[in-house]
Amino acid sequence: MMKPAILVARAVFPETIARLREHFEVSDNPDDEVWSKQELSRRLQGKVGALTTGSERIDAELLDAHPQLKLVANMAVGYNNFDVEACTARGVLCTNTPDVLTETTADFGFALMMATARRIAESEHALRRGEWTKWSYDMFIGSDVHGATLGILGMGRIGQAIARRGAHGFGMQVIYHNRSRLDQATEAALNARYVSKEELLREADHLVLVLPYSASSHHAIGEAELALMKPSACLINIARGGIVDDAALVRALAARQIAAAGLDVFENEPALNPALLELPNVVLTPHIASATVATRRAMAELAADNLIAGLGCGPQAGRPPTPINPQVLAG
Ligand code: 8YV
């Protein structure tokens, strides 16, 4: 019997490709090129499934060109690169990779917060430039993380993992804002207090963004929001580019309206607002919050599990572990 054909749109672990080959005719991308929309469409010809990453946009136009496509498996928890509504309308199942990256991503959020508050990148760069000639009382003086007020915008799995670290590891006062409030028991366990968005902005010493990107979260942090923050505050974005208005942030950082920012995601990444590169008070990392060996392996394997089961293969056939639009399975 002919195996179904799938596309793996970006390079992944050879072990994952080998596993997929047990079930599918696999076209892959070992050179890890980022294909244009046209090239992606060309490569999708005849494919019933695709393993994608945040760089591949799956929209109505692409779906209409490929009526044979049944499943798109994103190797990411975020799926703003998918038009889920268009997929659901055409019976295309979408899957993502939640849970397996929660703790790793929360670790990174904390690392970025600490690097930003304690000016680690800025001081390290100065040392490399040979500028460390003497000790001074105010050299790279920063702000404390322990005991400070940790603000979290978006209180899903990753937000809660960050809250746990802050409350239980660093004795922080945790405040959060989210579309829906957590139940009392979860709030009590995290020692987290629900506040309005305005109070969150006004009170946080360190504000961490962990909400999904959508039309409603576009520029959730812009000029007006930055103006509410403390001049001593740090802003950390490990969620998605576009949640912060980067041009407004550049202005706020340059004017020291807030103290510093730590950014793992950017509008139009991997291109970024060039003014960010000129600012000393921003820590910039290339979208690596989930990048540990164990977690990236787990993400690749979960994406593969979804493809295998979702396309009717293996012992879990018909029961992909993490569907985004499970109504497609029922239909
Ligand atoms: C991915 C992420 O590395 O999971 C997410 O939503 O942003 C990252 O973990 C990235 O999206 C590539 O797919």
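The shown structure was predicted, so the numbers you read here are calculated from the model rather than taken from an experiment. (Residues numbered from 1 in each chain as written. Predicted model: local features only at pLDDT ≥ 70, side-chain atom pairs only at ≥ 80, totals over all residues. Heavy atoms only, no water.)

A. View of the domain arrangement of the protein chain. Partitioning the protein chain into domains gives domain 1 (5-100 + 293-330) and domain 2 (102-284). Each of domain 1 and domain 2 has a C-alpha centre, and these two points are 32 Å apart. Taken together, the two surfaces of domain 1 and domain 2 that pack against each other cover about 560 Å², and 41% of this comes from carbon and sulfur. Broken down residue by residue, the surface that domain 1 buries against domain 2 is led by N80, D99 and T295, which jointly contribute 67%. Counting across the domain 1 and domain 2 interface gives 1 salt bridge. R157 is the salt-bridge partner of D99, the closest N and O atoms lying 3.7 Å from each other. Across the contact surface, domain 1 and domain 2 share 3 residue pairs in polar contact (both at pLDDT 80 or more). Within the side of domain 1 that touches domain 2, the residues separate by chemical class into 3 nonpolar, 3 polar and 1 charged. (Domains from an automatic or database assignment. Buried area = accessible area lost by both parts, 1.4 Å probe. Salt bridge = Lys/Arg side-chain N within 4 Å of Asp/Glu carboxyl O. Polar contact = N/O pair within 3.5 Å; in protein donor to acceptor, adjacent residues only side chain to side chain. Nonpolar A, V, L, I, M, F, W, Y, C, P; charged D, E, K, R; others polar.)

B. How the structure looks around the site of the ligand. Around the ligand, the surrounding shell consists of T53, G54, M75, A76, V77, G78, L101, R240, H287, S290, R296 and M299. One of the backbone N or O atoms of G54 is found 3.1 Å from an oxygen atom in the ligand. Its free accessible area being 330 Å², the ligand has 84% of it covered by the protein chains. Classifying every residue of the shell around the ligand gives 5 nonpolar, 5 polar and 2 charged. (Near = heavy atom within 4 Å. Areas by Shrake-Rupley, 256 points an atom, 1.4 Å probe, with all protein chains shown as cover.)

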